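Residue-level structure breakdown
Next come the chains, spelled out residue by residue.
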Amino acid sequence: MANANLYALLQAGFAADRDSTAIETPARHYSWNDIERISACYANLLESLRLPAGARVAVQVEKSPEALMLYLATLRAGFVYLPLNTAYREAEIEYFLRDAEPSVVVCSPANLSWVSELAGRCGASQVYTLDEHGAGTLDEASADEDERFETVASQPDDLAAILYTSGTTGRSKGAMLSHRNLYSNAQVLNSYWGWTGDDVLLHMLPIFHVHGLFVGAHGALLAGARMIWLPKLDIEQALHYLPRCTVMMGVPTYYVRLLAEPRFTRELCAGMRLFVSGSAPLLADTFNAFRERTGHTILERYGMSETVMLTSNPYDESEGPRIAGTVGRPLPGVQVRVVNDDDIPLGPGLIGKVQVRGPNVFSGYWRMPEKTREEFTADGWFRTGDVGRWGSILDDDGQVIQAIPDHYLSIVGRSKDLIITGGFNVYPKEIESFIDELPGVVESAVIGVPHADFGEAVVAVVVAEPGRTVDPQAVQASLKRQIANFKVPKHIVVVDQLPRNTMGKVQKNVLRETYASLG
Ligand code: AMP
């Protein structure tokens, strides 16, 4: 049987000319040979440590091509890669190390002293450093290793990575992803988004997250396409490199920031074929402004750490238009349904919980069998925690407000964001979309805060356009004309910006804390 190791499968797509450039940074070009050679040295080093089968390699380092090669080396050696957000501080890292019990920890040189101390307490046998230039003790220790390594044979269900959920609410859980989960998704996206070896990906996303590591890097590696590798969103660098690129992936903030730059023009994007957005909802205003400015229609897709990618707006126009505010259609091989509280599938127009099934869906949460059981139905559907709707937006009387084809999915919110006020369910996204349409409003976040009578009271936090004022009473009056009274926010707070995490997600837990006393 063919080797199911993800590295071996990705490697089959590497450019035939191994001396050509695979990764380009402002400082250096790395060829496909370099990827094979450096990942082999790291893999030999990992193998020499005689780690137990299934050992975890936890990595909290700044983005660099070598960090990607460490990921590939971990796959090659048959171990489990555990990337950690560089924003996490000591207390958070302690939780992950205790929970995952990695054998090897790789950290930034600046954090070595506290990470070593923590890693020792959590049972790790080795700590290495890797800085943003690829230097550190990992490089030193692997310098004399053999530049060839025979990638170990893996089974499709062997664990390849553990991704801790971003944890904007509750305890972070480790999603266990197998070689099959990751490869099946990489393959589907490779054909659905039309990747070829001529593509050049502008890679500015972090690589501790599904978006940058799996969607972005796997896409380019499997296609044998070049990546322009920047440590983070950098508008000057983006303007410099865009004319040479064909694909860019970003969280919505990246597109907002590009549009804020007058030098970001249609001409600059002339060679581009695909802009992808995901990880958080893309505002219709951004979608429209982007199309007007560049002539390109951003392709919005939906996925998560536990499942990699689930749905996508069409790439090929013949399959239908890309529709703002929707996340498109299930990817080939992925099943998606919207259900009621009894797990009964709902038809178009009705709001319910999103459940998914497919070869891309993870096997469970690391050392949380109970939680895993809760999150899967008896027949294997994963409860995503997202709330969604097929097709058109309807008003409370069932009249169509916005017509959308039935097979397009829209994400209406997270089920844990659901507000229950006086026994009525309020889906924040629904209220937000009404508020966002009002003049002078950039965006909004609707939350529930404790309320003595109603259990929860609806509060809207609204960002006004620069130089415009938004009158809370006028917003309430306008909403009262459109939606049921119980959904109309009791309080409207106008702010300059919403708190967001590194992946651009609005931190509703922060808002709930800040405005807890308003109820
Ligand atoms: P993460 O595991 O950090 O990638 O977060 C996954 C969550 O991000 C999903 O469960 C959704 O709530 C949200 N998400 C991802 N893509 C989108 C999108 N295009 N629109 C709305 N929410 C999204």
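The paragraphs below set out a description of the structure included in this document.

Right, let's talk about the pattern of salt bridges for a bit. According to the stated counting rule, one finds 25 salt bridges in the structure shown. The partner of Glu 430 in a salt bridge is Lys 487, with the nearest N and O atoms 3.1 Å apart. One end of the pair, Glu 430, is in helix H13 (residues 428-436); the other, Lys 487, is in the loop between helix H14 (472-482) and strand S27 (491-495), with 57 residues separating them in the sequence. Neither residue differs from the other here; Glu 430 and Lys 487 are each classed as buried. One continuous salt-bridge network, built from bridges that share partners, spans Glu 94, Arg 98, Glu 117 and Arg 121.

With that out of the way, let us pick up the site of the ligand. Close contacts around the ligand come from 16 residues, with His 209, Glu 300, Arg 301, Ser 305 and Asp 386 the closest. Within the complex, 91% of the 500 Å² of free accessible area of the ligand lies under protein. Among the elements that take part in the shell around the ligand, strand S13 (residues 299-304) stands out by supplying five residues, more than any other. Residue composition of the shell around the ligand, by class: six nonpolar, five polar and five charged.

Now for the nonpolar core. Grouped together as the largest cluster of nonpolar side chains are 121 residues, with contacts concentrated most on Tyr 71, Trp 193, Leu 202 and Phe 214. Top contributing element to this core by residue count: helix H8 (residues 210-223), with nine residues. Shared between two domains, this core holds at least three residues of each, these being domain 1 (1-154) and domain 2 (302-416). In terms of nonpolar packing, the next biggest core, distinct from the first, is built from 21 residues, Ala 58, Val 80, Trp 114 and Trp 366 among them.

Moving on to the sheet that holds strand S1 (residues 21-24). Here nine strands make up an open sheet; going across it, the order is S2-S1-S10-S9-S11-S12-S13-S14-S15 and the pairing mixed. The sheet is open, and its two edges are formed by strand S2 (29-31) and strand S15 (329-330), each paired on a single side. Of the pairings in the sheet, the one linking strand S9 (residues 200-203) to strand S10 (residues 226-229) comprises four bridges and is parallel in character. When the bridges of S10 are listed, Leu 201 appears paired with Met 227. Against the sheet, H8 contacts S9, S10, strand S11 (247-250), S13 and strand S14 (308-312), and its axis sits at roughly 160 degrees relative to S9.

Here the focus is the packing of aromatic side chains. Tallying each qualifying case throughout the model produces 16 aromatic pairs. One aromatic cluster is present, formed by Tyr 88, Tyr 95, Phe 96 and Tyr 164 through successive ring pairs. The side chain of Arg 28 reaches across the aromatic face of Tyr 30, ending 4.1 Å from its centre. Above the ring of Tyr 365, the side-chain terminus of Lys 173 is found at 5.2 Å from the ring centroid.

Cut-off values and rules
Residues numbered from 1 in each chain as written. Predicted model: local features only at pLDDT ≥ 70, side-chain atom pairs only at ≥ 80, totals over all residues. Heavy atoms only, no water. Salt bridge = Lys/Arg side-chain N within 4 Å of Asp/Glu carboxyl O. Helix = DSSP H or I, 4+ residues; strand = E, 2+ residues; numbered from the N terminus. Buried < 20%, exposed > 50% of the residue type's maximum accessible area, 1.4 Å probe, protein only. Near = heavy atom within 4 Å. Areas by Shrake-Rupley, 256 points an atom, 1.4 Å probe, with all protein chains shown as cover. Nonpolar A, V, L, I, M, F, W, Y, C, P; charged D, E, K, R; others polar. Core = buried A, V, L, I, M, F, W, Y, C linked by side-chain atoms within 4.5 Å. Domains from an automatic or database assignment. Pairing = 2+ DSSP bridges. Contact = heavy atoms within 4.5 Å. Axes fitted to C-alpha atoms, helices over the stretch in contact; angles between N-to-C directions. Phe/Tyr/Trp six-rings, centres within 6.5 Å; stacked < 30°, edge-to-face > 60°. Lys NZ or Arg CZ within 6 Å of the ring centre and 35° of its normal.

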